[in-house]
Amino acid sequence: MIGALLITLFAVLYYGPWLKKVISTFLYQYPYLQKLPGPKGPPFIGSIADLAGDTTVPLKFWLSEAEKARERGDGFFTITVLGRTISFPINGETLKYICESNEEILKGKDYEFLRAWIGDCILLVIGKEWRDRRKSYTPLFHFSQLDGYLETFNKHARVMAEVLHDKAGTIVDMSEAVKRTALDVICDTAMGINFDTQRNPTHPYLHSVHDFTHLQQRHNTTPHMWITPIWYLLYDREYKRSLHGLNDLTKKIMDERFRRVQNGEVDLEAKKRPLIDHFFSYQQKGDWTLEDVHYELNGVIFGGHDTTSATLTWVYWVLGTQAEFQQQCFEEINDIMGPTDRDLDHDDLKSMVFLERFIKECMRIFPPIPAVERELMNDFKIGDHVLPKGSEIFIAPHIVHHNPEVYPEPWKFDPDRFLPENIAKRNPYDFIPFSAGPRNCIGQKFAMQEMKTILSWTLRKFSFSTKHDMLDQGFAIEVICKPTINVDLLVTPRK
Ligand code: HEM
């Protein structure tokens, strides 16, 4: 009895302020909610029943609500889930309002889990801090700098082709293969260190990344994990271990490089240099602290690794299921590279126009990021409607990319949708795998060049196949969008 009383007292004291905030937010938002289009579930609880089930359920629900909104002639729909009010723009025209806002750039609640890893890095900060960070980053992703990273892309893509060569004639889990390649690329470009996880799949950093993202997904998609004592009892040890693994290694590498910077052994102005040296040059000028350097390193590794490997996983899936388009990609690459083993240069990449259209169409049908989240700091107008302060907007590429009014037969794979004349007919916000507007992905050109390099190296040497059809695949919404069927492809060497 006393135990129960103590637990209740603890819960009231611990959760009281949180509960008060949730209730007052809900009471503020409720009158607005009545006027917003979308499903009206029970107050507070809202659409929780529609979202219950496995990780494929949310996307199906979002797409069906988008269709209903389109039939009603609305540009967005709003749902409530356990006191959270979330609005989903369904077309480029409506998305423009949020994407173009320089003020409403606060990230949604689901990003909080990441803070212990990536801290106050560019991905999470707002206001002047974000503007200053963005300004520091812009030159690092300029075309002139990207050429410097190409050597690293070639290096690791070549290793991927060699690793696949050893497995030729067998079925390969392409999701695992690209995960390691993308991790090696980002760690090398960020820190100038080759973890070589492709040849060394037991590398502890690979495991820490895997464990942390797995725990993040568990936390964000399972509401009872938001109750601290439950999380603490079940996962806290595992969480701290993976966090340690992530932070310790990058910190060690950073400290060692910083020692060399101080000894004058590193040229911080070198033409080709890892991102860490750019970060140190900001630190030396007094713009960044050493803690900033560490968080930005972790942020770039987080932002540039899982996203790229998820995209490539889907691209290989399409290659394996669309033999004719795979052949077209191969022919273009072969025309440019011939039967050589040479590295790709900037002009080669630029000439691969079909491959780029192919990747973009993959990213349209299978966008890797399910939603970019914004939490509104003020009441926000969308057309004639007002979304309440404290509510969230989900910028969800799947919804926009499968809008039949913009993309007729949206599930049909057709790279020609990305011919320049067809792009010109669309609202730019109708294609948003990298988000859009001032807070879009700063690494998108880097990512596109990296993916083209990896695909060119592997398609030059192998063909990929599976017995599945492209649309056998389902979407699991985790932190990123994952296929429900393993991307196990038969890798056949080309003659
Ligand atoms: C195909 C691969 C990629 C995809 C799909 C992707 C997607 C995105 C998206 C949707 C955002 C916006 C996130 C938000 O507002 O919450 C973003 C931001 C960002 N991305 Fe990427 N990304 C990719 C690759 C990369 C790479 C390779 C890098 C770095 C080398 C990178 C660095 C960043 C950074 C630093 C931001 C934060 C920008 C800001 O807040 O101003 N991304 N990315």
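Residues numbered from 1 in each chain as written. Predicted model: local features only at pLDDT ≥ 70, side-chain atom pairs only at ≥ 80, totals over all residues. Heavy atoms only, no water.

The protein goes by Cytochrome P450 in an unreviewed UniProt entry, where it is assigned to Pristionchus entomophagus. Note on the protein: under the UniProt heading Cofactor (unreviewed entry), the record states "heme". Listed in UniProt under the heading Function (unreviewed entry), the comment for the protein reads: "May be involved in the metabolism of insect hormones and in the breakdown of synthetic insecticides." (UniProt positions renumbered as here; feature names shortened; annotations may be inferred.)

Let us look at the packing of helix α13 (residues 323-337) against helix α18 (residues 444-461). In contact at an axis separation of 9 Å, α13 and α18 are set at 95° when each is read in the N-to-C sense. It follows that α13 is roughly perpendicular to α18 by the angle criterion. When α13 is examined against α18, the residues Gln326, Cys329, Phe330, Ile333 and Met337 are found in contact with a partner set consisting of Leu455, Ser456, Leu459 and Arg460. Class assignment of the residues belonging to the contact of α13 with α18 gives a composition of six nonpolar, two polar and one charged. (Axes fitted to C-alpha atoms, helices over the stretch in contact; angles between N-to-C directions. Helix = DSSP H or I, 4+ residues; strand = E, 2+ residues; numbered from the N terminus. Parallel < 35°, antiparallel > 145°, perpendicular 65-115°, else oblique. Contact = heavy atoms within 4.5 Å. Nonpolar A, V, L, I, M, F, W, Y, C, P; charged D, E, K, R; others polar.)

The next thing to look at is the layout of surface pockets. Think of a ball as big as a water molecule: rolled over the atoms, this probe shows where empty space is left. Considering only enclosed or pocket space, the second largest pocket measures out at about 1,200 Å³ in volume. Forming the walls of the second largest pocket are 39 residues, and the residues nearest its centre are Trp18, Val22, Arg84, Lys109 and Trp226. With 10 residues, helix α1 (residues 2-33) is the largest single contributor of residues to the lining of the second largest pocket. Broken down by class, the residue content of the lining of the second largest pocket amounts to 19 nonpolar, 11 polar and nine charged. (1 Å grid on protein atoms, 1.4 Å probe; cavity = no way out; pocket = protein on both sides within 12 Å on 5 of 7 lines; lining within 4 Å. Points joined across faces, edges and corners; volume = space filled by probe spheres on them.)

Turning our eyes to something else, we now look at the UniProt feature "binding site: heme" (unreviewed entry) in the protein. Residues given the UniProt feature "binding site: heme" (unreviewed entry) here are Cys441. Its relative accessible area of 30% is what places Cys441 among the partly exposed residues. (Buried < 20%, exposed > 50% of the residue type's maximum accessible area, 1.4 Å probe, protein only.)

Once that is clear, we can look at the site of the ligand. Around the ligand, a shell composed of 29 residues is seen, among which Tyr111, Trp130, Arg134, Arg439 and Cys441 lie nearest. Note that an oxygen atom of the ligand is positioned 3.1 Å from one of the side-chain N or O atoms of Arg374. Here an oxygen atom of the ligand and a side-chain polar atom of Arg439 are 2.8 Å apart. Those elements that place two or more of their residues in the shell around the ligand are α6 (127-137), α12 (290-321), β4 (372-375) and α18. Here the shell around the ligand takes five residues from α12, the largest share from any one element. Its residues assigned to classes, the shell around the ligand shows 17 nonpolar, eight polar and four charged. (Near = heavy atom within 4 Å. Polar contact = N/O pair within 3.5 Å; in protein donor to acceptor, adjacent residues only side chain to side chain.)

Checked against the element boundaries, Ser136 lands in helix α6. Judged by relative accessible area, Ser136 falls into the buried class, the value being 14%.

Counting protein donors to the iron atom of the ligand gives just one, Cys441 (SG), placed at 2.3 Å. Locating Cys441 in the fold gives a position in the loop between α17 (420-424) and α18. (Donors = N, O, S within 2.8 Å, 3.2 Å for Na, K, Ca; no water.)

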